[in-house]
Amino acid sequence: MDIRRAAFDESFIAQMLISPDGQILEANHQAGLLLQRTQNELRQLNHRDLSEENANIFEGLAEKIETNNLENWQTEHRYTRTDKTTVWIDVNVSAVREDNKVVALLLQLQDISAQKQAEEDLHRNNIDLEQFVHIASHDLREPLTSIAGFVTLLKRRYGDKIDDQGHQYIDEVLDSAKRMESKIDDLLEFSRAGRFTLTNAAFPLGSSIEEAKRTLVRRIQEAHVVFDVPSDLPMILGDRGMIAQVFQNLFSNSIKYKGAEPPKIKISAEPYDDNFWLIKVQDNGIGFDMEHRDRIFQVFQRLYTVEQYPGTGIGLAIAKKVVERHRGRIWPFSEPGRGSTFFFTLPAVSHP
Ligand code: ADP
């Protein structure tokens, strides 16, 4: 018995061997079960026949593997079964070579339908939640404006009949109303960052940094901020305005949480992988303990009281939302008293 053949046939992993143009040469028992076809049936088909859109997802792949000397290649693909139901499959492709030429592709198939369903449910829940935040914050604004309005009226019209303690209470109410208003505004801004239709265009990263600096120009001057921005920053694919917002929130924090020295903000960018750049924004501020590294990205979570440092705790939540909507990631590195660095990834226009 041919051991290799048996390893292929008996494997618990669904496997198919296809020619570079997609013709199915072999399919094992598990592949038959997964795609609900007999092994014989599969051998009569081209891989394209198993796709809903009849697409040849492997077009040109053999050459790509040859020219780039790739070990393997991975994709997720939706397959159709004979009863027209579909199944999401993680496809891992390795090349079968003869004299350095790719003569066949070995596909290992894994059912990820449940995971895809969970992702879709999560996405739908997120949309519902954002809708809820948007509506709730809109609706909360109206009674709040009315509370503040009437209390102001009370103070103005009946001020002479109210004693000092009464005035103090009224001022507390107005103060709380103002704080609540700014929280609502922040929530609206946060939900806008999630709902806003992103433009997806190529732009120089430096231009979004400039935009952020322009918005903060007064605070930058007052705090004597020193920037260190390289001149050879890359092109990014995404929404320039929203990325400027990320820089604005990070710079604003570097200024707010500055140490004894004037703030120094150093920016750099380097390739992260084939499709993303890694951007670093480093400051020399007060820093924070890394045990809070996840908490600081949550809505309204902050490490200080408003009296110590003003703010509502939404800046980093917005930055995270914007970066994730660009399919990137954001994370910090910091130590108390030793400054903070925020790292995030953004889509590259072409190979970094
Ligand atoms: P806010 O500044 O309004 O509190 P953020 O969401 O921007 O909201 O930040 C959350 C918390 O993370 C801040 O309260 C602060 O404790 C911490 N933080 C963020 N950036 C920095 C920084 N550059 N240096 C030190 N601490 C920071």
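Below, the structure is looked at part by part. Everything numeric in this text was worked out from a predicted model, so none of it was measured. (Residues numbered from 1 in each chain as written. Predicted model: local features only at pLDDT ≥ 70, side-chain atom pairs only at ≥ 80, totals over all residues. Heavy atoms only, no water.)

A closer look at the packing of aromatic side chains
Part 1 of the argument: Within the structure shown, the criterion is met by 11 aromatic pairs.
Part 2 of the argument: Relative to F342, the ring of F288 lies with its centre 6.2 Å away and its plane at 40 degrees, an arrangement referred to as tilted. Highlighted residues: F288 in the loop between strand 10 (276-283) and helix 10 (315-325) and F342 in strand 12 (residues 340-347), separated in sequence by 54 residues.
Part 3 of the argument: Owing to a relative accessible area of 10%, F288 belongs among the buried residues under this scheme. (Phe/Tyr/Trp six-rings, centres within 6.5 Å; stacked < 30°, edge-to-face > 60°. Helix = DSSP H or I, 4+ residues; strand = E, 2+ residues; numbered from the N terminus. Buried < 20%, exposed > 50% of the residue type's maximum accessible area, 1.4 Å probe, protein only.)

Here's the deal with unusual backbone geometry
Part 1 of the argument: The phi dihedral of N69 falls on the positive side, at around 55 degrees, and the residue is not glycine.
Part 2 of the argument: With respect to the helices, strands and loops of the structure, N69 is situated in the loop between helix 4 (61-68) and strand 3 (72-80).
Part 3 of the argument: For K84, which is not glycine, the phi dihedral falls at a positive 75 degrees.
Part 4 of the argument: By the secondary structure assignment, K84 is in the loop between strand 3 and strand 4 (86-98).
Part 5 of the argument: In this structure K84 comes out as exposed when scored by relative accessible area, which is 68%.

So, the site of the ligand
Part 1 of the argument: Taken together, 20 residues sit near the ligand, with N253, Y257, D283, R302 and G313 positioned nearest.
Part 2 of the argument: L303 places a polar main-chain atom, nitrogen or oxygen, 3.5 Å from an oxygen atom of the ligand.
Part 3 of the argument: Considering the ligand on its own, with 530 Å² of exposed area, one finds that the protein chains cover 98% of that surface.
Part 4 of the argument: Secondary-structure elements contributing two or more residues to the shell around the ligand are helix 9 (240-256), helix 10 and strand 12.
Part 5 of the argument: With 3 residues, helix 9 is the largest single contributor of residues to the shell around the ligand.
Part 6 of the argument: Classifying every residue of the shell around the ligand gives 8 nonpolar, 9 polar and 3 charged. (Near = heavy atom within 4 Å. Polar contact = N/O pair within 3.5 Å; in protein donor to acceptor, adjacent residues only side chain to side chain. Areas by Shrake-Rupley, 256 points an atom, 1.4 Å probe, with all protein chains shown as cover. Nonpolar A, V, L, I, M, F, W, Y, C, P; charged D, E, K, R; others polar.)

Describing the side chain of T80
Part 1 of the argument: In this structure, T80 sits in strand 3.
Part 2 of the argument: The class for T80 is buried, based on a relative accessible area of 13%.
Part 3 of the argument: Other than its neighbours up to four places away in sequence, T80 contacts R37, L50, S51, E52, T85 and T86. (Contact = heavy atoms within 4.5 Å.)

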